[in-house]
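Examination of the molecular architecture
Below, each chain spelled out in residue letters.
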Amino acid sequence: MRNNMNVASIDKRDTFSRVAGQAYLWLLLLVLYAPIVLIIVFSFTKSKVFGNWTGFTFGLYENLMTGYDYDAQVRVDPNLYRAIFYTGLIAVVAATISTLLGTLAAIGIYNMRQKGRRIVSFMNSIPMINPDILTGISLFLLFASIGLTRGLWTVIAAHVVFCTPYVVLSVMPRLQKMNPNIYEAALDLGATPRQALWKVMVPELRPGMISGFILSLTLSIDDFGVTFFTKGSGGLETLSTFIYADARKGGLTPELRPLFSLIFLTILVLLIIMNVRARKVKSEK
Amino acid sequence: MMKVFQNRRSWAWPYIVFLVLLVILPLVLIGIYAFTDIEGHFTLRNFIQFFHKTEAVNTFIYSIAIALITTIICLLLGYPAAYVMAMRSFRTPAVMALLFILPMWINFLLRTIATVELFHMFNLPLGEGALLFGMSYDFLPFMIYPIYNTLQKMDVSLLEAAKDLGATRWQTFVKVVLPLSMPGIYSGIVMVFMPTVSTFAISELLTHNKITLFGSLIQRSFGEGGILMWNYGAALSLIMLVIIGATSFFGQNDTETESQKGGLL
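Every value quoted in this text rests on a predicted model; they were computed, and no experiment measured them. (Residues numbered from 1 in each chain as written. Chains lettered and ligands numbered in written order. Predicted model: local features only at pLDDT ≥ 70, side-chain atom pairs only at ≥ 80, totals over all residues.)

1. Thoughts on the overall build of chain B
Of the regular secondary structure elements, chain B holds 14 helices and zero strands. Along chain B, helices (α) and strands (β) appear in the sequence α-α-α-α-α-α-α-α-α-α-α-α-α-α when read from the amino end. If one aligns the C-alpha atoms of chain B with their principal axes, the spans along those axes are about 70 × 70 × 30 Å. Taking all 265 residues of chain B together, 43% fall into the buried category. Taking the intrachain contacts of chain B between residues at least 6 apart in sequence as the baseline, contacts between residues at least 24 apart amount to 75%. (Helix = DSSP H or I, 4+ residues; strand = E, 2+ residues; numbered from the N terminus. Buried ≥ 20, exposed ≤ 12 C-beta atoms within 10 Å, placed from the backbone. Contact = placed C-beta atoms within 7 Å.)

Okay, here's the thing in structure tokens:
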């Protein structure tokens, strides 16, 4: 009897701490999501000032899509669209270069002897440790010293700097899992080195390359600090630097609200897909 | 060409050259600029100038304090969250961990601006409080994720053993769970402290330029002042670099910390 009571009281305590724990998580999430919910809510009103509710409307979404504000008879800031375009362009180009460079590097590093591997791995970790302001300033000084005019290409180079290490780290585990002899086996069976690379190595490494590429895309799109120091004064803006300039001027371009609501939803959907895929891969193993 | 393909070690060379030119050399340049004047002569004036400006030194100390406080807040808020998510007894759905990472995909500047709006709505003043709230808010996931990861990998049988041997819950936590989660805590501390100590945009937005942090001080040296301030800015950057180096040393295993960061994104 006494024993039974003990069990019951432990159960009760378990339930209590479980409920308290869950409540804590939801409270934290509530605070974490409050600003985002705010952005989404205020994307459905047309006030110029963020935080002013002037009635429900899809007006801002229309403005964003058409590039023209019919109520105010003005164009939506064309710089916004240029910023969107350049954010995408820089992300895709930098992620592509990073993926190629990083995959080759990972194969090379994997085949190195202990000492060389350690040195290159250390160098590879520097851009990941370095805060964006230091990466930005060091590259700024480099471009200034060699007299390079900063612009699109310097930004892309800078993004490759901080993206490639993550590609190396995503590809490396695939290499470690791969049978090291299959490349040689392909060569022995008469494949040219190029064929062996494309038909044997790349398919094996593809999952790592894809996650490295996606990681690079998100890092590039989200970057502010490095872009800020390497974009130069030629008028090149990405979304991050555009928002920063906007905020310093005092007013946020209202169309940013629907833009980021859409981006958030897209990412939500993508994440769910990726999560489902990851689980499938895991269960296949 | 044949030879190059066969010796796969050499495939790393393009990247090694790239790293030397765009990572090592630029960092060396910070050092060179820091110890020279505008004409390129060796000087310690840039550092002397910094240590003589009470305002600059105060900003430096203040920034480190703010970064430390932010890190502590994140640890105090983040550890229980990671614990609840990782421990089976709480039966947290797996998707919860994802929900904590999701906000990171919204541009952090925009999130920061939204936070400022939130403060406006509740009529709260923008200042130190807003700064600490905003930074903790921005970097909390960086603390939760590595701790969650180490806790999740923990061997559950250890907990059962502790329980069987008569340890109370509290004892089990202090003597078993906490020591085992130290690597995650270290990673989390490094991952929160480094970006907060070096931030420059967030603080401007959160305090409407009322509070200047060390990062902003560096940024301004490369802004309006033009070329005249670069050497001074480089000296400040070098000081920052030393802090970052020391912090990453504290993190012990950098590659692990960084792959955590990778996993987070």
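Structure's up, so let's keep going.
2. With respect to the overall build of chain A
The helix and strand tally for chain A stands at eleven helices and two strands. The helix and strand sequence of chain A, counted from the amino end, reads α-α-β-β-α-α-α-α-α-α-α-α-α. Here chain A has a C-alpha radius of gyration of 25 Å; the compact-globule value for 285 residues is 19 Å, and the former is much larger. If one aligns the C-alpha atoms of chain A with their principal axes, the spans along those axes are about 85 × 70 × 35 Å. Partitioning the contacts of chain A with sequence separation of at least 6, the portion at a separation of at least 24 is 74%. (Rg over C-alpha atoms; globule rule 2.2 N^0.38 Å.)

3. So, helix α6 (residues 108-121) of chain B
All names here are of chain B. Helix length check: α6 (14 residues) gives 20 Å between terminal C-alpha atoms against 20 Å at 1.5 Å per residue, within 8%. The buried count for α6 comes to eleven of 14 residues, which makes it a mostly enclosed element. Taken together, the buried positions of α6 are F108, L109, L110, R111, T112, I113, A114, T115, V116, E117 and L118. Looking one or two residues past α6, N123 carries a phi angle of roughly 55°, positive in sign. (Expected span 1.5 Å × (residues − 1).)

4. Observations concerning the interface of chain A and chain B
Taken together, the contact pairs 70 residues of chain A with 75 residues of chain B. Going through the elements one at a time, α1 (2-41), α3 (78-110), α4 (114-129), α5 (132-145), α6 (152-177), α8 (193-222), α10 (239-249) and α11 (256-284) of chain A are the ones with two or more residues in the side of chain A that touches chain B. Top element by residues in the side of chain A that touches chain B is α1(A). It accounts for 15 residues. Split by residue class, the side of chain A that touches chain B holds 52 nonpolar, 15 polar and three charged. (Nonpolar A, V, L, I, M, F, W, Y, C, P; charged D, E, K, R; others polar.)

5. A short note on helix α7 (residues 128-153) of chain B
Since the α-helix packs 3.6 residues into each turn, any two residues three or four apart lie on the same face. Counted at 1.5 Å a residue, the expected span for α7(B) with its 26 residues is 38 Å, and the 37 Å between its end C-alpha atoms agrees. Maximal helix bending in α7(B) amounts to about 45°, located at B:F139; proline B:P141 follows within four positions. (Bend = angle between axes of the 7 residues up to and from the residue.)

6. Description of the confidence of the model for chain A
Residues and elements named next belong to chain A. Per-chain confidence: chain A averages 87 in pLDDT, with 94% of residues scoring 70 or above. Looking at the elements of chain A, mean pLDDT is at its lowest for α1, recorded as 78, and at its highest for α3, recorded as 95. Note on residues 1-5: pLDDT is under 50 here. Beyond four places in sequence and across chains, it has zero contacts. (pLDDT = per-residue confidence, 0-100.)

7. Re unusual backbone geometry
Peptide bonds are, in most cases, trans, and in most cases residues other than glycine have a negative phi. All names here are of chain B. The phi dihedral of H208 is positive, around 50°, even though this residue is not glycine. With respect to the helices, strands and loops of the structure, H208 is situated in the loop between α11 (201-207) and α12 (214-221). Despite not being glycine, N209 has its phi angle at roughly 65°, a positive value. Among the structural elements, N209 can be located in the loop between α11 and α12. Exposure remark for N209: the 12 C-beta atoms within 10 Å place this residue in the exposed category.

8. So, the confidence of the model for chain B
When pLDDT is averaged across chain B, the result is 86; 91% of the residues are at 70 or more. Of all helices and strands in chain B, the one with the weakest mean pLDDT is helix α14 (residues 254-264) of chain B (49), whereas helix α2 (residues 13-34) of chain B scores best (95).

9. Quick word on the packing of α3(A) against α8(A)
Residues and elements named next belong to chain A. α8 packs onto α3 with a crossing angle of 145° between their chain directions and a minimal axis gap of 8 Å. When you trace α3 past α8, the crossing you get is right-handed. Seen from α3, the contacting residues are T87, I90, A91, A94, A95, S98, T99, G102 and T103; seen from α8, they are L205, M209, G212, F213, S216, L217, S220 and I221. A class-by-class count of the residues in the contact of α3 with α8 yields nine nonpolar, eight polar and no charged. (Axes fitted to C-alpha atoms, helices over the stretch in contact; angles between N-to-C directions. Left-handed = near helix turned anticlockwise from the far one by under 90°.)

10. Focus: the packing of helix α4 (residues 54-86) of chain B against helix α10 (residues 182-198) of chain B
Residue and element names in this part refer to chain B. Contact geometry of α4 with α10 gives a least axis separation of 9 Å together with a crossing angle of 140°. As summarised for this structure, α4 and α10 are arranged oblique, according to the angle between their axes. Crossing angle aside, the handedness with which α4 passes α10 is right-handed. Counted together, S63, I64, A67, T70, T71, C74, L75 and G78 of α4 and I185, G188, I189, V192, F193, T196 and V197 of α10 form the full contact between these two elements. Residue composition of the contact of α4 with α10, grouped by class: nine nonpolar, six polar and no charged. (Parallel < 35°, antiparallel > 145°, perpendicular 65-115°, else oblique.)

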